[in-house]
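Geometric and topological summary
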Amino acid sequence: MSEIPAKATESEDPSEGARAMAADGLASAVGGALAADGVQPGDAMWQSSPPGSIYDYIKVASFSIGPDGLVDQWSLRAEHLFGIPAERAVGMDPIETFIDPRLHQRGLRKMAEILDGREWTGVVPFRMPKDAEGECGREGLAEVYVMPTRTEDGEKAAVCIVVDVRTLRSIETDLAASQAIFSQSPFGFLLIDPDLRVRRVNQRFASIFGGSPDDHRGRGVHDYLQRGEAERVAATLRRVLETGSSITDMHVTGFVPGSDERRHWSVNLYRVHSGSGRPIGVAWLGIDITARRAAAREAAAARRNLALLNEAGARIGNSLDLETTARQLLDVVVPGFCDLATVDLYQGLLVGDETPPGLADGSAELRRVAFASAVSDAPFTGTGVPVAVGAVHHYPFNSSCADALRTARPQTVPGEDGGLVQSTLAVPMVAHDTVVGLVQFARTKGSEPFGDRDRDLAVELAARAAVCIDNARLYRREHERALILQRSLLPPGDPEASGLDIACRYLPGNANTGRPSEVGGDWFDVIELPGHRTALVVGDVMGRGLRAAVAMGELRTAVRTLAQLDIEPAEVLSQLDEIARGLGAPGGVQQATRAARRPREADLSEVYLATCVYAVYDSVTRRCTFANAGHLPPVLVEPGEPALMLDVPPGLPLGVGGEPFEEVEVELPEGALLALYTDGLVESRDHPLDEGLQAFVSTLSDPTQPLEDVCDHVLNTLDTHHGEDDIALLMARVQGLPTESVGDWTLPREPRSVGRAREYARAQLLGWDMEPLVDTTELLVSELVTNALRYGEGEIRLRLLLDRTLVCEVWDSGLVQPRRRRARDTDEGGRGLQLVGLLSAAWGSRRTPRGKTVWFELPLPGGETGLTDPAEALLSLF
């Protein structure tokens, strides 16, 4: 610096105001410091009373110069400013000590002028004197104000007041920056004093709440916020003042003048201190986040809706049960979307009607299938009279719900005055352009009202549930039809058989699990055969569904047809095998047989395989002949003996072909128990077949119990609830025909055997007290014995069997089967078999190992079927 600027009267420096204020305050500070008694050097402070003045921020010091131009007084603040103790400073030449040597001459001239009585102010560069180690101290810039004075002796002296210019310039810069930040901030800026009154606000805050910044001075938070919010904010301000902990992103809610819209601000609070560290208030920086909050709510609503849709996709439709699907929908929406909800489905659709009456105009009957509430267990009253779950009802034609059903568009129903519900969305459930029901979403008073986004979400949820419900409805319809078909193919009621006590059980797959079930191919049958014989059949078509049920029906019909031909069990299975192979071929059995002889790659989707066990029981001899086509072995329980599985050769399943079937004949003791069953009874994923067979055999420990109780015991003991396959169980207790109920005679091949046969028949019937049957039986026996004499071979055997009906059999060694034909009016013979057909309940013939047997059957007296008068039957022939 080449020269020292000096002004004797006024300064042109921009910081003139600050320096003048500093000088005024500094004079009093210096006077107080000089007049104070007992002040020690260690007690020096940068503030005076009262605290909080500008001297807390700038460095001001004073010293005095004696008549000799040397320092004669050195203040405590001067010690802190220059870092030189008073003992060293007193007696120093300030020009020589602090001024650059190049400016010594100018400094000396100014000193002379000062000591001559002139005031002077100016900015002086200075540097600290060398320390004890010989190093120069720091350099600085000081503004000096020199005031002439006189000593006690009247000599001229001076008092110097020194201000650190760099500190002052830093304060000026900070003030300018603070002012710029405060006034130009796009956020609301407030300074709040310790009394929680507004000391200063910026223009941004004033533009929001009205008026100029000065108009807000002295106001409190209660002037801007509602009472509850104001008290919360005031408590927070006090906490910041007391603890000094800053608050970040505190959300404040309120209103601005001239608007009813609720506004949201994010507020940051921090405590403000003076230069001495004393708290002087709280700074408030507020940002309007109303739009951000709205966008956040929109985003949260979108995320919530997406989460609801994802949850709906994961939870709705897992079951093919209508009621379960409806409850799954309500589990998703309550309480995440609404507070109360109901589901109504058309009653006609539930019972299987395709187009119930009133479907088009919304007046058809509905059944409430589900209800859910997050607030209470009270009935849903959002749209009128409460309706209980399971109740059938309908909506008035002019109601909003009926309009929603009629137009297939959602309707908003306002809540009733004084009621719990604020509003209700009535949304039709539309699947494949068909309305299947109505779902109502309701929110209680105090909840957020439904918006357009909620309306769209409700429609989407209802549509998804409607598709699942319609699928469940269609599945239920098809399943019920298939089940009806399957049950129609099973024996109706309790089967009856001569010489057998019969009990049976059939359980469709999944019947006990509550899961959707498909019909299967399991079946059983009890077929009455001539001669008080009975065919017992149990089979299982592999696979599930309608195809398996239809294949089962065809095979069962074929079994009954083959059984009526009275052929051997092994032959029945052979014929049935051919039929099963024909089920999968377009050309039937013959085409399947020819195709099987050519090597080809089979289409497994068209192959029908089945297992079957066929048994024929003769109640007279108590002998049973078994043939098996890949089925599980029968179980026999003899009185006093443990149950055992009969060793019947299993053979190949039906539909495979190429191998003959074997027969096994077993004599069954009186009271023995015979059990036929399918694999669903003894096999599941959790229980292997061997384990299941052993468990089944162990349950048949007491064959003397009633058969119905035995069946229930078996099903309750075994794991029949797995639901993986159908279960068919057929049980028979042997009750052979008593000896006294059988009449058996051998007749020679001679004409008088006809009369002898009549005598035997009459005597046996009278012995059985069956006199009403004597005449008819004599007539028919004579006809059959006569035919055996004329057309048969070998000796003749006559047998009468009395059980639920009377059966007469005539045996001979001839192989030619009798054939019924219609005689012409001019024929003298040929009417014998016609007469047998007219007078008997049934008749027929069958092959035997040694010839044939011709038989007829008559109902017992007192039964539902009356006897035919022989005279009228004879007359009807002519």
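The structure under discussion appears in the preceding block.
Note that the structure is a prediction, hence the values are computed from the model and not measured. (Residues numbered from 1 in each chain as written. Predicted model: local features only at pLDDT ≥ 70, side-chain atom pairs only at ≥ 80, totals over all residues. Heavy atoms only, no water.)

**So, the overall build of the chain**
The condition that has to hold: Each helix corresponds to a stretch of at least 4 residues labelled H or I by DSSP, and each strand to a stretch of at least 2 residues labelled E; elements are numbered beginning at the N terminus. Burial classes follow relative accessibility: with a 1.4 Å probe on protein chains only, a residue under 20% of its type's maximum area counts as buried, one over 50% as exposed, and anything between as partly exposed. Contacts: residue pairs with any heavy atoms within 4.5 Å of one another. Residue exposure ignores everything except the shown protein chains as possible cover, and the areas themselves are Shrake-Rupley values with a 1.4 Å probe.
A count of helices and strands for the chain gives 22 helices and 31 strands. Per-residue burial for the chain yields a buried fraction of 46% across its 878 residues. Within the chain, contacts between residues separated by at least 24 positions form 62% of all contacts whose residues are at least 6 apart in sequence. In the structure as shown, the chain presents an accessible area of about 43700 Å², 50% of it carried by carbon and sulfur atoms.

**Some points on helix α19 (residues 753-767)**
Basically, it comes down to this: In this scheme, a helix's expected span is set at 1.5 Å multiplied by one less than its residue total. The arc in question is formed by the directions pointing from the helix axis toward the C-beta atoms.
Counted at 1.5 Å a residue, the expected span for α19 with its 15 residues is 21 Å, and the 21 Å between its end C-alpha atoms agrees. Of all the positions in α19, only Ser753, Val754, Ala757, Ala761, Gln764 and Leu765 are classed as buried. Within α19, the buried residues cover an arc of 105 degrees as seen down the axis, which keeps them to one side. Residues Glu759 and Gly767 are exposed on α19 and point more than 90 degrees away from its buried face. Contact partners of the buried residues in α19: β27 (742-747), α20 (774-791), β28 (796-802) and β29 (805-812).

**Describing unusual backbone geometry**
Going from Val334 to Pro335, the amide bond is cis rather than trans, its omega being 0 degrees. Secondary-structure assignment places Pro335 in the loop between α10 (322-333) and β11 (340-346). Even without being a glycine, Asp249 presents a positive backbone phi close to 55 degrees. Tracing the chain through its elements places Asp249 in strand β8 (residues 247-254). By relative accessible area, which is 39% here, Asp249 ends up partly exposed.

**Structural notes on the packing of α19 against α20**
The axes of two packed helices give the description: the angle between them and the distance between them. Test applied: Lines are fitted to the C-alpha atoms to define the axes, a helix being fitted only along its stretch in contact, and any angle between axes, read from their N-to-C directions, falls within 0 to 180 degrees. Crossing handedness is defined as follows: a turn of the near helix away from the far one that is anticlockwise and smaller than a right angle gives a left-handed crossing, while the clockwise case is right-handed. Each residue gets one label: Ala, Val, Leu, Ile, Met, Phe, Trp, Tyr, Cys and Pro are nonpolar, Asp, Glu, Lys and Arg are charged, and the others, such as Gly, are polar.
For the pair α19 and α20, interaxial distance at closest approach is 9 Å and the crossing angle is 150 degrees. The handedness of the crossing between α19 and α20 comes out as right-handed. On the side of α19, the interface is formed by Ser753, Val754, Ala757, Arg758, Ala761, Arg762, Leu765 and Leu766, while α20 contributes Val774, Asp775, Thr777, Glu778, Val781, Ser782, Val785, Thr786 and Leu789. Tallied by class, residues from the contact of α19 with α20 come to nine nonpolar, four polar and four charged.

**A look at the packing of aromatic side chains**
What describes a pair of aromatic rings is the distance from one ring centre to the other and the angle between the planes of the rings. We count it as follows: Pairing of aromatic side chains here covers Phe, Tyr and the six-membered ring of Trp, requires ring centres within 6.5 Å, and sorts the geometry by plane angle: under 30 degrees stacked, over 60 edge-to-face, intermediate tilted.
Taken as a whole, this structure holds 13 aromatic pairs when the rule is applied. Ring geometry for Trp74 and Phe98: centres 6.1 Å apart, planes at 5 degrees, overall stacked. Residue Trp74 is found in strand β2 (residues 71-74), and its partner Phe98 is found in helix α4 (residues 94-98); the two are separated by 24 residues along the sequence. You'll find Trp74 and Phe98 in the same group, each marked buried. Seen in terms of ring centroids, Phe82 and Phe126 are 5.4 Å apart; in terms of plane orientation they differ by 70 degrees. Their pairing is edge-to-face. With Phe82 in helix α2 (residues 76-82) and Phe126 in strand β3 (residues 120-127), this residue pair connects regions lying 44 residues apart in the sequence. In terms of burial, Phe82 and Phe126 fall into one category: buried. Clustering of aromatic rings is evident, with ring pairs tying together Phe63, Trp74, Phe82, Phe98 and Phe126.

**Here we look at the pairing of strand β6 (residues 188-192)**
Short version of the rule: Being paired, for any two strands, means DSSP has found at least two bridges between them.
A large share of β6 lies buried, amounting to four of its five residues. Across five bridges, β6 lies against strand β10 (residues 279-288) in antiparallel orientation. By the bridge assignment for β10, Leu191 is matched with Ala283. Inspection of the sheet shows β6 paired to strand β7 (residues 198-201) by three bridges, in the antiparallel sense. Looking at β7, one finds that Ile192 is bridged to Val198. Between β6 and the antiparallel strand that follows it, β7, lie five residues; Leu196 among them carries a positive phi value of about 60 degrees.

**Focus: the sheet that holds β28**
With antiparallel pairing, five strands are arranged side by side in an open sheet as β27-β28-β29-β31-β30. Only two strands of the sheet have a single neighbouring strand rather than two, namely β27 and β30 (842-848). Within the sheet, the average angular offset between the axes of one strand and its neighbour, ignoring direction, is 15 degrees. Note: β27 against β28, six bridges, orientation antiparallel. Opposite Thr746, over in β28, you have Arg797 as the bridge partner. Contacts from α20 reach β27, β28, β29 and β31 (851-859), with the element oriented near 170 degrees to β31.

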